[in-house]
Every structure is written in structure tokens, then in C-alpha cells.
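# Coordinate analysis (summary)
Given next are the chains, with one letter for each unit.
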Amino acid sequence: MSAMKSLFNMQKMENGIIWGGLFGLSVLPIQFGVSKFLIPKLEFKEESKNLITEQSFKLLLSTFTVIGFIYGYNTKRRLTY
């Protein structure tokens, strides 16, 4: 692999990481809405509600981060230069 191809792949990886972080940060307001408005309306015990809140946060964070990384890796739009 030439040095230029390696450099290009590093730029794509860096862009994917940045976009993944941005998508991951967008989970915070969504999780706040879920834990504040949706979870309290469920008819479960309090410890079950806490478990659901934790697991939903993990699921949302990992899903959004992976989607953001894939988007950033495959797009030509860059947030930093």
C-alpha cells in the first residue's frame, strides 16, 4: 500500500471518528427525553425502570456512534481540515 493510500485511509478513519462522536453526543437529549417522559409512564418496579434506562442508553449510544462512524467514513464532508 502506498503512502498516499495509507494517508487517505487515515483521513477517512479520523473523519469517521469525529462524526461518530458527534452522533454519539446527539444521544444525550434523546436519552433525557426517554428517561424523563417515557420511562416513568411504564408500570414496572423502580429497579426495573433504572435497568431499562441504562440499557436504552447503551443501545442508543452504540447504535448512533456506529452509524455516525459509517457515515463519516464514507462521506467527503469533513468537520475539520
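Refer to the structure printed above.
Here goes a summary of the coordinates provided. In this text the structure is predicted, and so the values were computed from the model without any measurement. (Residues numbered from 1 in each chain as written. Predicted model: local features only at pLDDT ≥ 70, side-chain atom pairs only at ≥ 80, totals over all residues. Heavy atoms only, no water.)

## Regarding helix 3 (residues 46–74)
The end-to-end C-alpha distance of helix 3, which contains 29 residues, comes to 42 Å, matching closely the 42 Å that a straight helix rising 1.5 Å per residue would cover. Burial in helix 3 covers these residues: Lys49, Ser56, Gly68 and Gly72. (Helix = DSSP H or I, 4+ residues; strand = E, 2+ residues; numbered from the N terminus. Expected span 1.5 Å × (residues − 1). Buried < 20%, exposed > 50% of the residue type's maximum accessible area, 1.4 Å probe, protein only.)

## Focus on the packing of aromatic side chains
One pass over the structure, following the stated rule, counts 4 aromatic pairs. Ring plane angle 70° and centroid distance 6.2 Å describe the contact between Trp19 and Phe23, whose orientation is recorded as edge-to-face. Here the residue Trp19 and the residue Phe23 both occupy positions in helix 1 (residues 3–25), the gap between them amounting to 4 residues, near one helical turn. Judged by relative accessible area, Phe23 falls into the partly exposed class, the value being 24%. Aromatic side chains Trp19 and Tyr71 sit 5.0 Å apart centroid to centroid with 80° between the ring planes, which places their arrangement in the edge-to-face category. Here Tyr71 lies in helix 3 and Trp19 lies in helix 1, a separation of 52 residues in the sequence. A residue is classified by how much of its surface remains accessible, and Trp19, at 10% relative accessible area, is buried. (Phe/Tyr/Trp six-rings, centres within 6.5 Å; stacked < 30°, edge-to-face > 60°.)

## Brief notes about the environment of Lys12
Residue placement: Lys12 occurs in helix 1. Those residues in contact with Lys12 that sit more than four places away from it in its chain are Gly72 and Tyr73. (Contact = heavy atoms within 4.5 Å.)

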